[in-house]
Amino acid sequence: MSEAVAETVASRFSELYGAEPHGVWAAPGRVNLIGEHTDYNDGFVMPFALPHTAVAAVARREDGVLRLHSADVEAGVTELRLDDLTPGSDKNWTAYPAGVVWALREAGHAITGADIHLSSTVPSGAGLSSSAALEVVVALALNDLFSLGLRGWQLARLCQRAENVYVGAPVGIMDQTASACCEAGHALFLDTRDLSQRQIPFDLAAEGMRLLVVDTQVKHSHSEGEYGKRRAGCEKGAALLGVDALRDVPYADLDAALARLGDEEEVRRLVRHIVTENERVERVVSLLESGETRAIGPVLVEGHASLRDDFRISCPELDLVVDTALASGALGARMTGGGFGGSAIVLAEEPDVDAITKAVTEAFTTAGFTTPRVFEAVPSAGALRLH
């Protein structure tokens, strides 16, 4: 993160509010390497942070007022009173930072107000957690300015509560934890049940590989019904199998569990994805820790097939990325994120990157799709204070 970005955001803050900010903070978006839709089933995930970040210049206030402005939204400063913050009351982008303030206060932390100016390079609607980056950067800034002493995982929990309750989106804990806790050059192996973490070395450049993100430009929204339907279906599966969460169904017992679900075909598919996906996360961890990085490619492909056929959250654009990349020599590829659009990831040998990028772009043109945005994903640092 360059000093220039922090200075630009701080300078704009001063123009807006007529005073210097008390600090500047950054929090990244994330890519999930493997472990999709497992987080709200108490399962395993493996995200890493992107170099793309939400940056916030913030000053503390003492008068119960919250003022919000974003460089990425055509609107003036929004002024809110802390005592008026109510879940469901805000349908705009301001619900994300306001929700964090609400969640902190509801948890008993004495937040007395703030002026906030935000600017983000995390692509919105691409499944790369632009909303979590926004939440975490605000939470970290307030944690510092009000000396709350909260750890990264605690901030992540509060940010998840803000999005679940205040915004009304039934997201799991992965995105906020990734933004708050990831380390450069590593993927984060996270157990979403107890929030235990392990940083797994993931330095592809050192091994002559690259991981590409292909943003299909197809927008999705978690708050819409399909995500909620999948979550409810997973909860139904757990209830029918008599377990607290699908995390508790052992991979070795999957066939027996599916047989017990009888003619609940949709629930069977959801259960099969979650149980096999948890096993795929553990396999990727094992491969990376034993230095067999290239061998994760086929596991990524398995994950995509499961999301496409069992969870049914892919789309023609995502499938085209995966199929074209594999046909052009990629080591592995899969959709990443909530689904119904967003992004895919492609693991490739460094010399093959240009050819794969060209093939995917041409395939989109031939299909009449919007030109995708392709960029390299470099495992980067989690949230931090810049200034």
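Residues numbered from 1 in each chain as written. Predicted model: local features only at pLDDT ≥ 70, side-chain atom pairs only at ≥ 80, totals over all residues. Heavy atoms only, no water.

- For the protein, the name recorded in an unreviewed UniProt entry is Galactokinase, with Streptomyces hawaiiensis as its organism.
- Under the Function (unreviewed entry) heading, UniProt states for the protein: "Catalyzes the transfer of the gamma-phosphate of ATP to D-galactose to form alpha-D-galactose-1-phosphate (Gal-1-P)."
- Recorded in UniProt under Sequence similarities (unreviewed entry), the annotation for the protein is "Belongs to the GHMP kinase family. GalK subfamily." (UniProt positions renumbered as here; feature names shortened; annotations may be inferred.)

### Overview of the overall build of the protein
Consideration 1: In terms of helices and strands, the protein carries eleven helices and twelve strands.
Consideration 2: Over its C-alpha trace the protein gives a radius of gyration of 21 Å, about what one expects of a compact globule, namely 21 Å for 387 residues.
Consideration 3: For the C-alpha atoms alone, the extent of the protein along its principal axes is close to 60 × 50 × 40 Å.
Consideration 4: Partitioning the intrachain contacts of the protein with sequence separation of at least 6 by distance along the chain shows that 72% fall at a separation of at least 24.
Consideration 5: Only carbon and sulfur atoms are counted for the fraction: they give 48% of the accessible area of the protein, which is about 14,900 Å².
Consideration 6: Here the protein contributes 33 positive and 55 negative side-chain charges, whose respective centroids are spaced 3 Å apart. (Helix = DSSP H or I, 4+ residues; strand = E, 2+ residues; numbered from the N terminus. Rg over C-alpha atoms; globule rule 2.2 N^0.38 Å. Contact = heavy atoms within 4.5 Å. Areas by Shrake-Rupley, 256 points an atom, 1.4 Å probe, with all protein chains shown as cover. Lys, Arg positive; Asp, Glu negative; His and termini not counted. Charge placed at Lys NZ, Arg CZ, Asp CG, Glu CD.)

### Focus: the UniProt feature "binding site: ATP" (unreviewed entry) in the protein
Consideration 1: UniProt tags S70, G125, A126, G127, L128, S129, S130 and S131 as "binding site: ATP" (unreviewed entry).
Consideration 2: Of note, G125 is situated in the loop between β5 (113–120) and α3 (130–145).
Consideration 3: On the accessibility criterion, G125 (18% relative accessible area) is buried.
Consideration 4: Here S130 shows up in helix α3.
Consideration 5: In this structure, S130 is in contact with V122, P123, S124 and G125, ignoring residues within four places of it in sequence. (Buried < 20%, exposed > 50% of the residue type's maximum accessible area, 1.4 Å probe, protein only.)

### A few points about the packing of helix α2 (residues 95–106) against α3
Consideration 1: Where α2 meets α3, the closest approach of the two axes is 9 Å, and the angle between their N-to-C directions is 45°. It follows that α2 is oblique to α3 by the angle criterion. Seen along the crossing, α2 lies across α3 with a hand that is right-handed. Touching Y96, P97, V100, V101 and L104 of α2 are S131, L134, E135, V138, A139 and L142, all from α3.
Consideration 2: Of the residues in the contact of α2 with α3, the class split is nine nonpolar, one polar and one charged. (Axes fitted to C-alpha atoms, helices over the stretch in contact; angles between N-to-C directions. Parallel < 35°, antiparallel > 145°, perpendicular 65-115°, else oblique. Left-handed = near helix turned anticlockwise from the far one by under 90°. Nonpolar A, V, L, I, M, F, W, Y, C, P; charged D, E, K, R; others polar.)

### Thoughts on the domain arrangement of the protein
Accessible area lost upon the coming together of the parts serves often as the stated size of an interface.
Consideration 1: What the domain assignment lists for the protein is domain 1 (1–202 + 380–385) and domain 2 (204–376).
Consideration 2: Just the C-alpha atoms count here: the centres of domain 1 and domain 2 sit 25 Å apart.
Consideration 3: Between domain 1 and domain 2, the residue contacts involve 36 residues of the former and 46 residues of the latter.
Consideration 4: Of the roughly 3,500 Å² buried between domain 1 and domain 2, counting both surfaces, carbon and sulfur atoms make up 62%. (Domains from an automatic or database assignment. Buried area = accessible area lost by both parts, 1.4 Å probe.)

### Overview of the UniProt feature "active site" (unreviewed entry) in the protein
Consideration 1: The feature "active site" (unreviewed entry), as annotated in UniProt, sits at D175 in this numbering.
Consideration 2: Here D175 is to be found in helix α5 (residues 174–181).
Consideration 3: Assessed through its relative accessible area of 11%, D175 is described here as buried.
Consideration 4: Setting aside its immediate chain neighbours within four residues, D175 contacts R30, S129 and A132.
Consideration 5: Within the structure, D175 has its side chain in polar contact with the side chain of S129 (distance 3.1 Å). (Polar contact = N/O pair within 3.5 Å; in protein donor to acceptor, adjacent residues only side chain to side chain.)

### Concerning the side chain of E163
Consideration 1: Relative to the helices and strands, E163 resides in helix α4 (residues 152–167).
Consideration 2: Among buried Asp, Glu, Lys and Arg side chains, E163 stands out as unpaired, with R30 the closest opposite charge at 9.7 Å.
Consideration 3: Here S131 takes part through its side chain, which lies 3.5 Å from a polar atom of the side chain of E163.
Consideration 4: With sequence-adjacent residues up to four places away left out, E163 is seen in contact with Y96, S131, E135, G168, A169, V171 and Q176. (Salt bridge = Lys/Arg side-chain N within 4 Å of Asp/Glu carboxyl O.)

### Description of the pairing of strand β6 (residues 186–191)
Consideration 1: For β6, the tally of buried residues reaches five of six residues, placing the bulk of the element in the interior.
Consideration 2: Across two bridges, the pairing between strand β2 (residues 44–60) and β6 is antiparallel. Along β6, the bridge assignment pairs F44 with D191.
Consideration 3: Counted along the chain from β6 to the antiparallel partner strand β7 (residues 197–201), the turn is five residues long, and its residue L195 has a positive phi close to 65°. (Pairing = 2+ DSSP bridges.)

### Observations regarding unusual backbone geometry
Consideration 1: The backbone of D42 sits at a positive phi, close to 65°, despite the residue not being glycine.
Consideration 2: Mapping D42 onto the fold places it in the loop between β1 (23–34) and β2.

### What about the pattern of salt bridges?
Consideration 1: Overall, the coordinates contain 27 salt bridges when judged by the stated rule.
Consideration 2: As a salt-bridge pair, R61 and D115 come within 3.0 Å of each other at their nearest N and O atoms. A residue pair is termed long-range when its members are at least 10 positions apart, and R61 in the loop between β2 and β3 (65–70) and D115 in strand β5 qualify at 54 residues.
Consideration 3: For R61, a relative accessible area of 18% gives the class buried.
Consideration 4: A salt bridge links E226 to K229, with the nearest nitrogen and oxygen atoms 3.1 Å apart.

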